[in-house]
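Listed below, chain by chain, are the residues.
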Amino acid sequence: MGTLGPNALAVHRYLFRLALATGNFFGWIVVFRVFYFFSADISAALAGTALLYAIAQGIAFILTPLTGAALRIGVRRALILGSLAACISFAFLAQFFLSRISANPDVAFTLIAGFAIVSGIQRALYFVPYATAAALTESRAGHVLLRELSLALIPLIGGYVITFVPGGVGLLFAFAGAVSLAAAIAVIEMPEIHERFEWRYGETLRALFARSHRGALYVAVFDGLQGTALLLIWPLSAFIILGQSFLAFGFVMAATFIVAFIGRFGVRRILRMMRAEKSPYILATVAFSSWIFRLSAGTPVQILVADVYYHAAAQPRGRGVDVHAFDQWADNGHYVDEYTALKEMGLALGRILMCGIFAALALISAPVIAFIGCILIAAVAAAASVLLSHRLMRQAF
């Protein structure tokens, strides 16, 4: 097994995170706004957004074993294909907003569905090869502060562009697509590594539900539940609380990431003084409370405080400041090849489950009940994930 040089992969990863921080961060908010524009029903718009997100995760679940097997064609090629898929997914949204066809409901749904479908393909194509590449790469963390702060400012810049620049929404997604393409180009010169993916499709499914992997599957499902709450449900809630203002939303999220990135070191020092890292019950309490705290958020300042507490106290080490890094590192470690595929499939199951619950609650009750119910589920899942992960680690060692 070879070792990949860190430079090309580091540049690629920064560019890809930049694309996701731009496109995915606003992508699902924009999908909600489009559904709300055509339906004039906030419950239907929320449910439609959640179901489309679930479709993307279902595609990722179905394709992940196949794309894991695609490692045989080479890790570099797989990363390029995943980056190109991200470029295409953002191109659908850019086309929708930069063309004059956005008033046609049929065309609008086709382009938005294209974004969701290709997003699922992108996830399946990308994260197994990336985890493999990262495991084969020498660790080199340089310019961390500059890198993370530049990513943290993306929501503010994006909110400004959408609000004040003519055609800003389309330009934002065009930029995300262009950066995804640049991420693909960045790894063209990276040495190729071929990895063996041992399992066939049926074997992967059997391994996912095998008794020996059941604990890890539960952890992945729990992390998928809270990952959807973090990446979809909570941003939608904050966006609505902020009066559906992209500028206010971007400002609050950017401030959250910056303050949390700077303040988390002090929070973790306090947790170390409490010996929290040796007590799964303290860590579970922190994880649980970081979600419960969000239930009291009703103003921009309260949203900021709740998010800072979550990202500073509950975020595991080694995770970047952008929120979309969360689900990639949900289990606080690396699996490679087959076990990365199992983790990704378990995460997808948790995401699909949370989307179904959210959509059902949004349709049969008030949106506020849907948000509260899913945040409570995320709180329980976060605590359960910490406790079960600790138990599995004790059994392993």
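Located above this text is the structure these notes cover.
Residues numbered from 1 in each chain as written. Predicted model: local features only at pLDDT ≥ 70, side-chain atom pairs only at ≥ 80, totals over all residues. Heavy atoms only, no water.

Participant: If you had to explain the overall build of the protein to someone new, which residues and values would you point to?
Facilitator: When helices and strands are tallied, the protein shows 14 helices and 0 strands. When each of the 397 residues of the protein is scored for burial, the buried share is 56%. Taking as baseline every contact in the protein between residues at least 6 positions apart, the subset at least 24 positions apart corresponds to 84%. As presented, the protein carries roughly 16,900 Å² of accessible surface, and 68% of it is formed by carbon and sulfur atoms. (Helix = DSSP H or I, 4+ residues; strand = E, 2+ residues; numbered from the N terminus. Buried < 20%, exposed > 50% of the residue type's maximum accessible area, 1.4 Å probe, protein only. Contact = heavy atoms within 4.5 Å. Areas by Shrake-Rupley, 256 points an atom, 1.4 Å probe, with all protein chains shown as cover.)

Participant: Could you give me a rundown of the nonpolar core, with the residues and numbers involved?
Facilitator: One finds Leu79, Phe249 and Trp291 to be the most contacted residues of the largest nonpolar core, which totals 98 residues. Examining the composition of this core, we find that 16 residues originate from one element, helix H1 (residues 6-39), more than from any other. (Core = buried A, V, L, I, M, F, W, Y, C linked by side-chain atoms within 4.5 Å.)

Participant: How would you summarise the state of the cysteines if you had to cite specific residues and measurements?
Facilitator: Scanning all chains against the criterion turns up 0 disulfides. For Cys355, which is in no disulfide, the shortest distance to another cysteine sulfur is to Cys374 and amounts to 8.7 Å. Here Cys355 falls in the buried class, since its relative accessible area comes to 1%. (Disulfide = S-S within 2.5 Å.)

Participant: Before we move on, could you go through the packing of aromatic side chains and cite the residues and values that matter?
Facilitator: Enumeration over the complete set of coordinates arrives at 17 aromatic pairs. Measuring from ring centre to ring centre gives 5.1 Å for Phe37 and Phe38, while their planes differ by 80 degrees; the resulting arrangement is edge-to-face. Ring geometry for Phe96 and Phe97: centres 4.6 Å apart, planes at 85 degrees, overall edge-to-face. Taken together through their ring pairs, the aromatic side chains of Phe25, Phe26, Phe239, Phe246, Phe249 and Phe257 make up a single cluster. For the cation-ring pair, Arg294 lies above Trp291, with the distance from its terminal atom to the ring centre recorded as 4.4 Å. (Phe/Tyr/Trp six-rings, centres within 6.5 Å; stacked < 30°, edge-to-face > 60°. Lys NZ or Arg CZ within 6 Å of the ring centre and 35° of its normal.)

Participant: Requested: an account of the environment of Arg200, with residues and values cited.
Facilitator: Looking at the secondary structure, you find Arg200 in the loop between helix H7 (168-186) and helix H8 (201-208). Once the C-alpha coordinates of Arg200 and Leu66 are considered, the two residues, 134 residues apart in sequence, prove to be 8.3 Å apart.

Participant: Lay out the packing of helix H6 (residues 154-164) against H7 with the relevant residues and their values.
Facilitator: Running from amino to carboxyl end, H6 crosses H7 at an angle of 140 degrees, the nearest separation of the two axes being 7 Å. The angle between H6 and H7 places the two elements in the oblique class. On H7, the residues that touch Gly158, Val161 and Ile162 of H6 are Gly168, Val169 and Leu172. (Axes fitted to C-alpha atoms, helices over the stretch in contact; angles between N-to-C directions. Parallel < 35°, antiparallel > 145°, perpendicular 65-115°, else oblique.)

Participant: I'd like to hear about helix H11 (residues 280-292), residue by residue, with values.
Facilitator: Taking 1.5 Å as the rise per residue, H11 with 13 residues should run 18 Å; its terminal C-alpha atoms sit 18 Å apart, in good agreement. Along H11, the positions that sit buried rather than exposed are Pro280, Ala284, Val286, Ala287, Ser290 and Trp291. Buried positions in H11, seen along its axis, are confined to an arc of 160 degrees and lie on one side of it. Turned more than 90 degrees off the buried face of H11, the exposed positions are Tyr281 and Thr285. (Expected span 1.5 Å × (residues − 1). Arc of directions from axis to C-beta.)

Participant: Provide a residue-level description of a nonpolar patch on the surface, including the pertinent values.
Facilitator: Taken together, the side chains of Ile73, Leu81, Leu84, Leu181, Ile185 and Ile188 define a hydrophobic patch exposed on the protein surface, amounting to about 480 Å² of accessible area. Elements with a contribution of two residues or more to the nonpolar patch: helix H3 (75-98) and H7. Using a relative accessible area of 31% as the deciding quantity, one classes Leu84 as partly exposed. (Patch = residues over 30% accessible without salt bridge, like charges linked within 9 Å, V, L, I, M, F, W, Y side chains within 5 Å. Salt bridge = Lys/Arg side-chain N within 4 Å of Asp/Glu carboxyl O.)

Participant: Can you lay out the pattern of salt bridges for me, pointing to particular residues and giving the numbers?
Facilitator: Working definition: two side chains of opposite charge can pair if their charged atoms are close together. Inspection of the entire model under this criterion finds 3 salt bridges. Across the salt bridge formed by Glu148 and Arg17, the nearest N and O atoms sit 3.0 Å from each other. Remark: Arg17 occurs in helix H1 and Glu148 occurs in helix H5 (residues 144-152); sequence separation between them is 131 residues. With respect to burial, Glu148 and Arg17 carry one shared label: buried. Between Glu344 and Arg123 there is a salt bridge whose closest N-O contact spans 3.0 Å. Taken together, the residues Glu344 in helix H13 (residues 338-364) and Arg123 in helix H4 (residues 105-135) connect sequence positions 221 residues apart. Accessibility classification places Glu344 together with Arg123 in one group, the buried group.

Keep in mind these numbers describe shape, not what the thing actually does.
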